[in-house]
Amino acid sequence: MSIDLGTPRLISDDEKAVLLAEPRGYCAGVDRAVITVEEALDLYGAPVYVRKEIVHNKHVVDDLRNRGAIFVNELDEVPSGATVVFSAHGVSPAVHADAAVRELKTIDATCPLVTKVHLEAKRFAREGYSILLIGHAGHEEVEGTMGEAPEATTLVEGPGDVPGLEVADPSKVVWLSQTTLSVDETMETVAALRAKFPELLDPPSDDICYATQNRQQAVKEIGGSSDLVIVVGSGNSSNSVRLVEVALEAGAKAAYRVDDASEIDESWLDGVRSVSVTSGASVPEKLVEGVVEFLKERGFPDALAHKSAEESLIFALPTELRKDLKAAAARG
């Protein structure tokens, strides 16, 4: 059952309720990446190697590992000539070059929205801009983007980094961002950057992906009426962690992230009448269903959907894989 709940107070005070945020779960980039590994396993047979986690969800990774995927941190763990998939978070040119030297068959499952940021970084570096990349140190997406133009790019993790920034030419500076950040926090950092560099150039279009923005907006709309918000997602999933922060900022009395229902502390439900549930962009729906069932078993009613946006975007599989699938189909 799906209803449109658009009033400021979404849940009445005299009844228990569970709201499901829509959209939630898999985005187009994650869906493409997971299907890429599944199709590669079916086509080439196990093992298929994957550099880093294909997406940041331990259940997805475990399922693919059980099917024959081998996850590695670096390419020197992959036998020469083997097939390797690059994760949805993207890789630097140095990784592509290393794969070529090792004669690996590569399938690039980088999300096209991450690729867009890579192309922006290369373009602005060619044009002589200093690039201020807003993101989290150590995140695979940030490492991949910075690798496109390392000499021109400086990482900015938040407003606190801004006072110490220096650039070659303050009239030629642009900001880009990791795609999975909090929209509000990113704009706060951009405001600080613009105060220091008045001629700061914006990226040609939003770098924070549509799915991240939609999931944050949905939580904003229902968080203020919630005694408890449960976000399903893994701890290394940036967009899942941000959803907890967004829920609390929206007015939720409490918000927690769990990988699945087994991590819910029953004490969180003490005195709670209104629960909202959502999930990060790399979370299978079955894990959300498990949380809803957990709540039903403890006296909460069927969940009602609160829809804040429609999503219909689909990305084609990587070119290398589509070519091989077509050839296999032609062989019968």
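This text goes with the structure placed above it.
This section reports on the structure supplied with the text.

What follows deals with the nonpolar core. Ranked by internal contacts, the top residues of the largest apolar core, which has 25 residues, are V37, I54, V55 and V85. Counting only elements with at least two residues in this core, the list comes to α1 (28–44), β3 (48–51), α2 (58–67) and β4 (69–72). Ranked by residue count, the leading element in this core is α1, at six residues. Beyond its immediate chain neighbours, meaning those up to four positions away, I54 contacts A33, V37, V60, L64, F71, V85, F86, S87, A88, H89 and A109.

The subject of this paragraph is the side chain of S274. Relative to the assigned elements, S274 resides in strand β12 (residues 274–279). Of note is the side chain of S274, whose polar atom sits 2.8 Å from the backbone nitrogen of D227.

With that out of the way, let us pick up the sheet that holds strand β6 (residues 105–108). Taken in spatial order, the four strands of this open sheet run β4-β3-β5-β6, and their pairing is parallel. Since the sheet does not close on itself, it has two edges, and those belong to β4 and β6, each with one partner. Taking each pair of neighbouring strands and ignoring which way they run, the sheet shows an average axis angle of 30°. This element, helix α3 (residues 93–101), spans β3, β5 (83–86) and β6 of the sheet and lies at about 175° to β5.

Thresholds, definitions, all that
Here the residue numbers are simple positions, counted from 1 along each chain's written sequence. Restriction of local features to residues with pLDDT of at least 70 applies here, the model being predicted, together with a cutoff of 80 or more for giving and counting side-chain atom pairs; totals for whole chains, interfaces and linings are based on all residues. With hydrogens and water excluded, all non-hydrogen atoms of the structure serve as input to the side-chain values. Throughout this description, the term nonpolar core refers to a set of buried Ala, Val, Leu, Ile, Met, Phe, Trp, Tyr and Cys residues connected via side-chain atoms within 4.5 Å. A simple rule labels every residue: compare its accessible area, found with a 1.4 Å probe on the protein chains alone, to the largest value its type can have, and call it buried under 20%, exposed over 50%, or partly exposed in between. Numbered from the N terminus, helices here are DSSP runs of H or I no shorter than four residues, and strands are runs of E no shorter than two. In this description, contact between two residues means that some pair of their heavy atoms is separated by no more than 4.5 Å. N or O atoms within 3.5 Å of each other form a polar contact, as long as, within protein, one can give a hydrogen and the other can take it, and as long as residues adjacent in sequence are counted only when both atoms are side-chain atoms. The pairing criterion is simple: DSSP has to find at least two bridges between the two strands. Only C-alpha atoms enter the line fits that serve as axes; for helices the fit covers just the stretch in contact. Angles between N-to-C directions range over 0 to 180 degrees.

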